[in-house]
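# Structural features, examined
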Amino acid sequence: MAHLASGRTRVLAPAVGLALTASLGFLPTGIAAAAPADEPAATVRADGPEMSYVVNTRGGHGTVKQVRKAIARAGGTVVTSYDRIGVIVVHSKNPDFAASVRAVRGVSSAGATRTNPIVPQATKDIGVEQPLTAGQAEAAAAEATAGQDPLEPLQWDLPAIKADKAHQKSLGSSKVTVAVIDTGVDDTHPDLAPNFDRGASVNCVSGAPDRTDGAWRPAAGESDHGTHVAGTIAAAKNGTGVTGVAPGVKVSGIKVSNPDGFFYTEAVVCGFVWAAEHGVDVTNNSYYTDPWLFNCKNDPDQGALVEAVTRATRYAEGKGVVNVAAAGNSDHDLALDAIEDTTSPNDTTPVTRTVDPSACPDIPTMLPGVVTVSATGAKGLKASYSNYGLGVIDVAAPGGDSTVYQTPAPPATSGLILSTLPGGGFGYKAGTSMASPHVAGVVALIRSTHPHASPAAVKALLTHQADDTACGAPYDINGDGTVDAVCEGGSQYNGFYGAGVVDALDAVRK
């Protein structure tokens, strides 16, 4: 999102056997394991642009094997196959590939992951970024008290969720890892290096894991979004820079954004599967899956994307992972049955369409089991850009807002969120992208306190411990006399704040 008012950026900043996954209910049933695939047409076109697809299978290993053969006959090349969740990533130059494969027995759904051809090579911040000046850093260091990192006085967001008090009891366990599924993380940053988990880091941009050392880092000119998110979660309390919400836990980088800043389905699926299989306890997801802001299940392409990402998030949760995601920065009421989307598909030419979010979810944000986070500003009010919605928002956390709307108490001077940037730097950003990592940090503290708790139990603790936040007076964030958004619900649960603002202090109490 380039502006506070419109707020839509792609980044929300505004090997296990198939039998196991089938038994956990990730794969549709009803097809015999050895069912043969239908034969596609004998003549296969290959005159179109190369596109990327996900093919979702059903049944057992025999069916998956037959589908792979049918993919080849339809002119597709398998990039990678996640047999444990029945998702196959394919490239093809056959313009009829998806339609052909959908007719194959054993295929649940298949769809193009983009509307633009593959070229050699989206977040939820609001496009507002401010570098930290030397003067601000010096002033903050002068205000720092014993036990505070030098820039911590500028982090109004930590006391807003009682993280400063929590740190007096616990910094979190180094046995807990939070994966930042994002644009890449600069693990060489002095505030991130002490807590970085290289073994749980990877580049998933192609849809297949690239374990090359450092492949998880953003390349020169690529977005600094993931590095900023990582610092909010777990910047070390080490006498330098900023402090994370859970400065004693580990953080990993799972890069899923291509050089143009797009988060395509195959990369997102890879990210969740990697996290599930590499000891990750929490994932943070401050993006939406391109190219559709909302993915309508009745569309054969979009429906396949929803199915693929749903399988991946469920697989991760089944492995003990708690998935946390940003709600988005369009100031939309996601509980409405009609929202106008003028920005999809964002990788070619957008068209105006009216969607029902309950049938056309933002993925992974609105998928079952995912913790959905709205953003607050320095005064504790819903941030001007933050999406909301009764029954959609689970909890709220600081994401920052313009000082015109919500000014922090001194010595903090900016209403945005200060965190780490590549190359050892620091800077401010705002968005639900910045709210979500606060929640991921609190979840990491809960997991540190209750290491054997299931994802369901951790999520129950998160919402139970959250501080009730009522709707308050009619929401007129700019003071012009016009209500800017309507909050529905009571003090214990409502559309702006869900179950309330997360509480880091309660998270570290036994």
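Look up: the structure comes first, before these words.
Residues numbered from 1 in each chain as written. Predicted model: local features only at pLDDT ≥ 70, side-chain atom pairs only at ≥ 80, totals over all residues. Heavy atoms only, no water.

## Thoughts on the packing of aromatic side chains
The final tally for this structure, using the stated rule, is 7 aromatic pairs. Between Phe263 and Tyr287 the ring centres are 4.9 Å apart and the planes differ by 5°, which places this aromatic pair in the stacked class. Of the two residues, Phe263 sits in the loop between β8 (250–255) and α8 (265–277) while Tyr287 sits in the loop between β9 (282–285) and α9 (300–318), which places them 24 residues apart along the sequence. We note that Phe263, like Tyr287, is buried. An angle of 85° between the planes, with centres 5.8 Å apart, marks the rings of Phe496 and Tyr497 as edge-to-face. Pairwise contacts between aromatic rings join Tyr388, Tyr475, Phe496 and Tyr497 into one cluster. (Phe/Tyr/Trp six-rings, centres within 6.5 Å; stacked < 30°, edge-to-face > 60°. Helix = DSSP H or I, 4+ residues; strand = E, 2+ residues; numbered from the N terminus. Buried < 20%, exposed > 50% of the residue type's maximum accessible area, 1.4 Å probe, protein only.)

## Overview of the packing of helix α7 (residues 225–234) against helix α10 (residues 432–449)
At a minimum axis separation of 8 Å, α7 and α10 run at an interaxial angle of 35°. The interaxial crossing formed by α7 with α10 has right-handed handedness. Across from His225, His228, Val229, Thr232 and Ile233 in α7, the residues of α10 making contact are Ser433, Met434, Pro437, His438, Ala440 and Gly441. Tallied by class, the residues present in the contact of α7 with α10 amount to 5 nonpolar, 6 polar and no charged. (Axes fitted to C-alpha atoms, helices over the stretch in contact; angles between N-to-C directions. Left-handed = near helix turned anticlockwise from the far one by under 90°. Contact = heavy atoms within 4.5 Å. Nonpolar A, V, L, I, M, F, W, Y, C, P; charged D, E, K, R; others polar.)

## Considerations on the side chain of Thr283
Here Thr283 is to be found in strand β9. Owing to a relative accessible area of 0%, Thr283 belongs among the buried residues under this scheme. Of the polar contacts made by the side chain of Thr283, one reaches the side chain of Asn323; its length is 2.7 Å. Beyond its immediate chain neighbours, meaning those up to four positions away, Thr283 contacts Ala179, Ile181, Phe272, Ala275, Val321, Val322, Asn323 and Val324. (Polar contact = N/O pair within 3.5 Å; in protein donor to acceptor, adjacent residues only side chain to side chain.)

## Some remarks on the sheet that holds strand β14 (residues 395–398)
The sheet built from 7 strands is open, its strands ordered β7-β8-β6-β9-β10-β13-β14 with parallel pairing. Strand pairing shows two members of the sheet lacking a second neighbour, β7 (202–203) and β14, which therefore form its edges. Pairing analysis gives 3 bridges linking strand β10 (residues 322–326) to strand β13 (residues 371–376), with the strands arranged parallel. Note that in β13 the partner of Ala326 across the bridge is Val373. Its contacts with the sheet place α10 against β6 (177–182), β9, β10, β13 and β14, and it is angled at close to 160° to β10. (Pairing = 2+ DSSP bridges.)

## A short note on α8
End to end, α8 covers 18 Å across 13 residues, agreeing with the expected 18 Å (1.5 Å per residue, within 8%). Among the 13 residues of α8, 12 are classified as buried, and the element is accordingly described as predominantly covered. After α8 finishes, the residue Gly279 shows a positive phi value of roughly 75°. (Expected span 1.5 Å × (residues − 1).)

## Here's the deal with the sheet that holds strand β2 (residues 76–82)
Pairing is antiparallel in the open sheet, where 4 strands are placed in the order β2-β3-β1-β4. Strands at the two margins of the open sheet, each flanked by one partner only, are β2 and β4 (107–112). Strand-to-strand twist across the sheet, computed as the mean angle between neighbouring axes with direction ignored, equals 20°. Contacts from helix α2 (residues 61–73) reach β1 (51–57), β2, β3 (87–92) and β4, with the element oriented near 155° to β2. Strands in contact with α8 are β1, β2 and β3; relative to β2, the strand with the most contacts, it is inclined by about 25°.

## Some details on the pattern of salt bridges
One pass over the full model with this rule turns up 19 salt bridges. For Lys237, the salt bridge is made with Glu152, and the minimal N-O distance between the two is 2.9 Å. Placement of Lys237 in the loop between α7 and β8 and of Glu152 in the loop between α4 (134–143) and α5 (157–160) is noted, with a sequence separation of 85 residues between them. With a closest N to O distance of 2.8 Å, Asp506 and Arg509 form a salt bridge. You can call Arg509 partly exposed: its relative accessible area is 40%. A cluster of three or more residues bridged by salt bridges with shared partners is formed by Asp187, Arg198, Asp213 and Arg217. (Salt bridge = Lys/Arg side-chain N within 4 Å of Asp/Glu carboxyl O.)

## With respect to the state of the cysteines
Going through the model one piece at a time under the given rule, you end up with 3 disulfides. Paired through a disulfide, Cys204 and Cys270 show a sulfur-sulfur distance of 2.1 Å. One disulfide, between Cys204 and Cys270, carries an S-S torsion of -60° and so falls in the left-handed class. With a gap of 66 residues between them, Cys204 in the loop between β7 and α7 and Cys270 in helix α8 connect regions that are remote in the sequence. Residue class for Cys204 comes out buried when judged on its relative accessible area of 0%. (Disulfide = S-S within 2.5 Å.)

## Topic: the environment of Gly389
On the secondary structure map, Gly389 appears in the loop between β13 and β14. Taking relative accessible area as the criterion, Gly389 reaches 0% and is therefore assigned buried. Between the alpha carbons of Gly389 and Gly489 there is a distance of 9.7 Å; along the sequence they are 100 residues apart.

## A look at the pairing of β13
For β13, the buried fraction is high: 6 of the 6 residues fall into the buried class. A two-sided burial pattern is seen for β13, the buried positions comprising Val371, Val373 and Ala375 on one face and Thr372, Ser374 and Thr376 on the other. Sheet analysis places β13 next to β14, joined by 4 bridges and oriented parallel. When the sheet's bridge partners are listed, Ser374 is paired in β14 with Ala396.

## Structural notes on the environment of Gly271
Among the secondary structure elements, Gly271 is positioned in helix α8. Since its relative accessible area comes to 0%, Gly271 is described here as buried. Along the sequence, Gly271 and Ala316 sit 45 residues apart, while their C-alpha atoms lie 9.7 Å from each other. Those residues in contact with Gly271 that sit more than four places away from it in its chain are Ile181, Cys204, Ile254 and Val256.

## Structural notes on the packing of α10 against helix α11 (residues 455–465)
Running from N to C, α10 and α11 cross one another at 115°; their axes reach a closest spacing of 10 Å. For the element pair α10 and α11, the recorded crossing hand is right-handed. Counted together, Val439, Val442, Val443, Ile446 and Arg447 of α10 and Pro455, Val458, Leu461, Leu462 and Gln465 of α11 form the full contact between these two elements. Partitioned by chemical class, the residues of the contact of α10 with α11 number 8 nonpolar, 1 polar and 1 charged.

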